[in-house]
Amino acid sequence: MTVSLLASSFMWTYSIERPGHLRRLDAPTPQNVAPGEVLLRPLSGGICGSDMAYYRGQVSHHHDADIARRSEVPGFSLHEIVGEVLECPGGEHTPGDVVVGWVTDSDGLAERVVTAATSVVKVPDGMEPTIAVALQPLACVLDITRRIPRVAGARTAVIGLGPIGLLFGHVLRSTGASEVVGVDPVDRTAVAETFGMNRTVMTSAQLWSMNLEPEDRPDLVIEAVGHQVGTLTHCLHALRPGGTLFYFGVPDDDVYPLPMDRMFRQSLTLMSGNVRDHSGALREAIRYATEHPGLLKALVSHTFSVHKTQEAFALADTVHPDRLKVVLDFTA
């Protein structure tokens, strides 16, 4: 094990003090970086929808260890990161490199962060950290879309047009979907074309699914909302016979009821899952972003100094047509 030679034994962090409120505090600086890990100086961080459950004081099963105490961990909750490599005992990364990816323990709201060396890759030269951090959610979307059979030519719908849902729209269209419909109570018409949507429907998933004509039912639905049980059933009811639902939104409950009779009689397929090969997905995201210049910049709507973390999380927790991806700048 390698001992970090850091100037101070304490660093600043943020943690969730109570629902809807973060506080800044000092915490021990990581001192031991093991082979297979990398020590980062964060440069930027992206606020994800999966962080919001903890910010609101909810218990999520996204982290299965010490669930009741996760909100007390310094630096929790932030997992989308761009950072400068300070140490990497295994040699996977070179000190001074700027890398992007996952903070494996979601404790990225801190002056120093340790994560798995395989969960980050080098950022392309010239890409600003506050834009590069959007490579992480793009990597998720690309990895999931790759697993879904028969996207080309399919009529598709994306439920939930937050940053992840918008990226799904773009990737589905570029993968050859014949139609991409976005469904969200928030008006996303201003960015629909940018993110590959043929049209958007400003309503709930339930009302949308109840009012579909047979000829309008999609072959594929992406659930990009999560944190609730009902949308799973609404999405399954929307599908045409033989259709597929990919449930990507983070589940907060262990058990979700299914309309099993409909699934059986309509020959529906339910898929779900998250990213396993972080570095491979990130490399694919870099390739895709290079082919589609301007995509990541269009996704990032607001950037805050890390000293305004409270304001950033409060904005990320709002519903507004102009609010897309909220990013923290650790250098400002």
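Residues numbered from 1 in each chain as written. Predicted model: local features only at pLDDT ≥ 70, side-chain atom pairs only at ≥ 80, totals over all residues. Heavy atoms only, no water.

**Observations concerning the overall build of the protein**
Here is step 1: Regarding its fold elements, the protein presents eleven helices and 17 strands.
Here is step 2: Rg of the C-alpha trace for the protein: 20 Å, near the compact-globule value of 20 Å for 332 residues, within the 12% margin.
Here is step 3: Principal-axis analysis of the C-alpha atoms gives the protein an extent of 65 × 40 × 35 Å.
Here is step 4: When each of the 332 residues of the protein is scored for burial, the buried share is 52%.
Here is step 5: Pairs at least 24 residues apart make up 70% of the contacts formed inside the protein by residues separated by at least 6 positions.
Here is step 6: When the accessible surface of the protein is totalled, it reaches about 14500 Å², and 51% of it is carbon and sulfur.
Here is step 7: Positive and negative charge centroids in the protein, built from 27 and 38 side chains respectively, lie 4 Å apart. (Helix = DSSP H or I, 4+ residues; strand = E, 2+ residues; numbered from the N terminus. Rg over C-alpha atoms; globule rule 2.2 N^0.38 Å. Buried < 20%, exposed > 50% of the residue type's maximum accessible area, 1.4 Å probe, protein only. Contact = heavy atoms within 4.5 Å. Areas by Shrake-Rupley, 256 points an atom, 1.4 Å probe, with all protein chains shown as cover. Lys, Arg positive; Asp, Glu negative; His and termini not counted. Charge placed at Lys NZ, Arg CZ, Asp CG, Glu CD.)

**Some words on the environment of M202**
Here is step 1: By the secondary structure assignment, M202 is in the loop between β12 (199-201) and α6 (205-210).
Here is step 2: Residue classification places M202 among the exposed residues on the basis of a relative accessible area of 53%.
Here is step 3: Spatially, the C-alpha atoms of M202 and L295 are 23 Å apart, while their sequence positions differ by 93 residues.
Here is step 4: Here M202 is in contact with D184, P185, V186 and D187, once residues within four sequence places are set aside.

**A word on a nonpolar patch on the surface**
Here is step 1: Together, L258, M260 and L270 give the surface a local cluster of nonpolar side chains, amounting to about 260 Å² of exposed area.
Here is step 2: For M260, the position within the fold is in helix α8 (residues 260-265). (Patch = residues over 30% accessible without salt bridge, like charges linked within 9 Å, V, L, I, M, F, W, Y side chains within 5 Å. Salt bridge = Lys/Arg side-chain N within 4 Å of Asp/Glu carboxyl O.)

**Some points on the side chain of T115**
Here is step 1: Along the polypeptide, T115 turns up in strand β8 (residues 113-116).
Here is step 2: In this structure T115 comes out as buried when scored by relative accessible area, which is 1%.
Here is step 3: If near-sequence neighbours (up to four positions away) are discounted, T115 is found in contact with G36, E37, V38, L40, W102, V103, T104 and V120.

**Section: the nonpolar core**
Here is step 1: With 50 residues, the main nonpolar core has L135, L138, V158, F168, L172 and I222 as its most contacted residues.
Here is step 2: Secondary-structure elements contributing two or more residues to this core are β7 (98-102), α3 (135-147), α4 (163-174), α5 (189-192), β13 (220-223), α9 (278-291) and α10 (295-299).
Here is step 3: Here this core takes seven residues from α3, the largest share from any one element.
Here is step 4: When sequence neighbours within four positions are dropped, the list of residues in contact with L138 reads L167, V171, A285, Y288, A289, L295 and L296.
Here is step 5: Residues W12, V306, A316 and L328 belong to the second largest nonpolar core, which totals 31 residues. (Core = buried A, V, L, I, M, F, W, Y, C linked by side-chain atoms within 4.5 Å.)

**Examining the pattern of salt bridges**
Here is step 1: Applying the stated criterion to the full structure yields 15 salt bridges.
Here is step 2: Residue R23 is joined to E17 by a salt bridge in which the shortest nitrogen-to-oxygen separation is 4.0 Å.
Here is step 3: The class of E17 is partly exposed, set by a relative accessible area of 41%.
Here is step 4: We note a salt bridge from R240 to D219, for which the minimum N-O separation is 3.5 Å.

**Section: the sheet that holds strand β11 (residues 179-183)**
Backbone hydrogen bonds are what pair the strands of a sheet, in a parallel or an antiparallel way.
Here is step 1: Overall, parallel pairing links the six strands, which are arranged β12-β11-β10-β13-β14-β15 in an open sheet. The open sheet is flanked by β12 and β15 (269-272), the only strands paired with a single partner. On average, adjacent strands in this sheet sit at an angle of 20° to one another, irrespective of strand direction.
Here is step 2: Where strand β14 (residues 244-247) lies against β15, four bridges are found, and the strand directions are parallel. Among the inter-strand pairings, F246 is bridged to a residue of β15, identified as M271.
Here is step 3: This element, helix α7 (residues 230-238), spans β10 (155-159), β13, β14 and β15 of the sheet and lies at about 160° to β14. (Pairing = 2+ DSSP bridges. Axes fitted to C-alpha atoms, helices over the stretch in contact; angles between N-to-C directions.)

Purely geometric stuff here, so don't read any function into it on its own.
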